[in-house]
2 protein chains.
Amino acid sequence: MKARVHITPKAGVLDPQGKAIQHALAALGFAGIDTVRQGKVIELDLADTDPGRARTRLDEMCRRLLANTVIEDYRIELPA
Amino acid sequence: MKARVHITPKAGVLDPQGKAIQHALAALGFAGIDTVRQGKVIELDLADTDPGRARTRLDEMCRRLLANTVIEDYRIELPA
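One structure accompanies this document, and this report is about it. Fair warning: this is a prediction, and the values are worked out from it, not measured in the lab.

Cut-offs applied
Residues numbered from 1 in each chain as written. Chains lettered and ligands numbered in written order. Predicted model: local features only at pLDDT ≥ 70, side-chain atom pairs only at ≥ 80, totals over all residues. Heavy atoms only, no water. Least-squares fit on C-alpha atoms with pLDDT ≥ 70 in both. Contact = heavy atoms within 4.5 Å. Buried area = accessible area lost by both parts, 1.4 Å probe. Salt bridge = Lys/Arg side-chain N within 4 Å of Asp/Glu carboxyl O. Helix = DSSP H or I, 4+ residues; strand = E, 2+ residues; numbered from the N terminus. Nonpolar A, V, L, I, M, F, W, Y, C, P; charged D, E, K, R; others polar. Pairing = 2+ DSSP bridges. Polar contact = N/O pair within 3.5 Å; in protein donor to acceptor, adjacent residues only side chain to side chain. Axes fitted to C-alpha atoms, helices over the stretch in contact; angles between N-to-C directions. Parallel < 35°, antiparallel > 145°, perpendicular 65-115°, else oblique. Expected span 1.5 Å × (residues − 1). Buried < 20%, exposed > 50% of the residue type's maximum accessible area, 1.4 Å probe, protein only. Arc of directions from axis to C-beta.

## Some thoughts on the relation of the copies chain B and chain A
In this arrangement, two copies of a chain are superimposed by a rotation about an axis accompanied by a shift along the axis.
Then comes step 1: Under the fitted operation, chain B is carried onto chain A by 0.0 Å of movement along the axis and a turn of 180°, and the coordinates agree to an RMSD of 0.0 Å. The operation mapping one copy onto its partner corresponds to a two-fold rotation axis. Using C-alpha coordinates, one finds that chain B approaches the rotation axis most closely at Lys40 of chain B, a distance of 2.2 Å.
Then comes step 2: The share of interface residues of chain B whose copies in chain A are also at the interface is 100%, consistent with both copies meeting through the same surface.

This is the structure in structure tokens:
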């Protein structure tokens, strides 16, 4: 089963990568861009076939390794 | 208008970050993970109100700055 985990900086946490992208886009002449935030997306191919169990395991993976929950939010996306 | 750009390594391109995550998950005892790929997600807040124009601009941003199209694929996600 293919799963996707989105990890984004929490609101209020500084995002220097996002700021750098915003300035670079402005320097290239792209106007009207208010905010830019950069996050990560991790695509995993799991042996699990049960979506419920896969979500539980992914949640544990996020809390233990993939996301820094002090400064990052995560969102798990499983095929419908 | 909020938009999201997903940038992932093309199939066949080595992804050392993904491999590192895969090994770290295995070391933590998470079994049955076949492949892991890591990509980026960029969230932009645009002044554009026309989705067609926003998509055209985002496509140009991806080609000129956000993605390295030699080794990366990008996907633009706009609110429905």
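## Considerations on the interface of chain B and chain A
Then comes step 1: Each side of the interface is counted separately: chain B has 32 residues, and chain A has 32 residues.
Then comes step 2: Summing both sides of the interface, chain B and chain A together bury roughly 2,900 Å²; the carbon and sulfur share of this comes to 61%.
Then comes step 3: Applying the counting rule to chain B against chain A returns zero salt bridges.
Then comes step 4: Elements with a minimum of two residues in the side of chain B that touches chain A: β1 (2-9), α1 (16-27), β2 (33-46) and α2 (51-66) of chain B.
Then comes step 5: Residue composition of the side of chain B that touches chain A, by class: 16 nonpolar, six polar and 10 charged.
Then comes step 6: Pairing of strand β2 (residues 33-46) of chain A with β2 of chain B, which is carried by 13 bridges, proceeds in the antiparallel orientation. Across the sheet, residue Ile33 of chain A finds its bridge partner in β2 of chain B, namely Leu46 of chain B.

## Focus: the side chain of His6 of chain B
Then comes step 1: Here His6 of chain B shows up in strand β1.
Then comes step 2: Within the local environment of His6 of chain B, its side chain forms a polar contact with the side chain of Glu77 of chain B, the two groups lying 2.7 Å apart.
Then comes step 3: Those residues in contact with His6 of chain B, other than ones at most four positions away along the chain, are His6 of chain A together with Lys40, Val41, Asp73, Tyr74, Arg75 and Glu77 of chain B.

## Overview of the packing of helix α2 (residues 51-66) of chain A against α1 of chain B
Then comes step 1: Direction vectors running N to C along α2 of chain A and α1 of chain B enclose 105°, while the axes themselves pass 11 Å from each other. Classified by the angle between their axes, α2 of chain A and α1 of chain B sit roughly perpendicular to one another. Side by side, α2 of chain A and α1 of chain B meet where Met61, Leu65 and Leu66 of chain A of the first sit next to Ile21, Ala24 and Leu25 of chain B of the second.
Then comes step 2: In terms of residue class, the contact of α2 of chain A with α1 of chain B is made up of six nonpolar, no polar and no charged.

## Some remarks on the side chain of Gln22 of chain A
All names here are of chain A.
Then comes step 1: With respect to the helices, strands and loops of the structure, Gln22 is situated in helix α1 (residues 16-27).
Then comes step 2: Side-chain polar atoms of Gln22 contact the backbone oxygen of Asp34, separated by 2.8 Å.
Then comes step 3: Gln22 has contacts with Ile33, Asp34, Thr35 and Val36, leaving out every residue within four places of it along the chain.

## Regarding α2 of chain B
Then comes step 1: Under the 1.5 Å per step criterion, the end-to-end length of α2 of chain B is only 19 Å for 16 residues, more than 12% shorter than the ideal 22 Å.
Then comes step 2: Among all positions in α2 of chain B, only Ala54, Arg57, Leu58, Met61, Cys62 and Leu66 of chain B are buried. Relative to the axis of α2 of chain B, the buried residues are bounded by an arc of 145° and lie together on one face.
Then comes step 3: Buried residues in α2 of chain B make contact with α1 and β2 of chain A together with β1, β2 and β3 (72-77) of chain B.

## Remarks on the pairing of strand β1 (residues 2-9) of chain A
Residue and element names in this part refer to chain A.
Then comes step 1: For β1, the tally of buried residues reaches six of eight residues, placing the bulk of the element in the interior.
Then comes step 2: Sheet analysis places β1 next to strand β3 (residues 72-77), joined by six bridges and oriented antiparallel. Across the sheet, Arg4 pairs through a bridge with Glu77, a residue of β3.

Nothing here speaks to function; it is geometry throughout.
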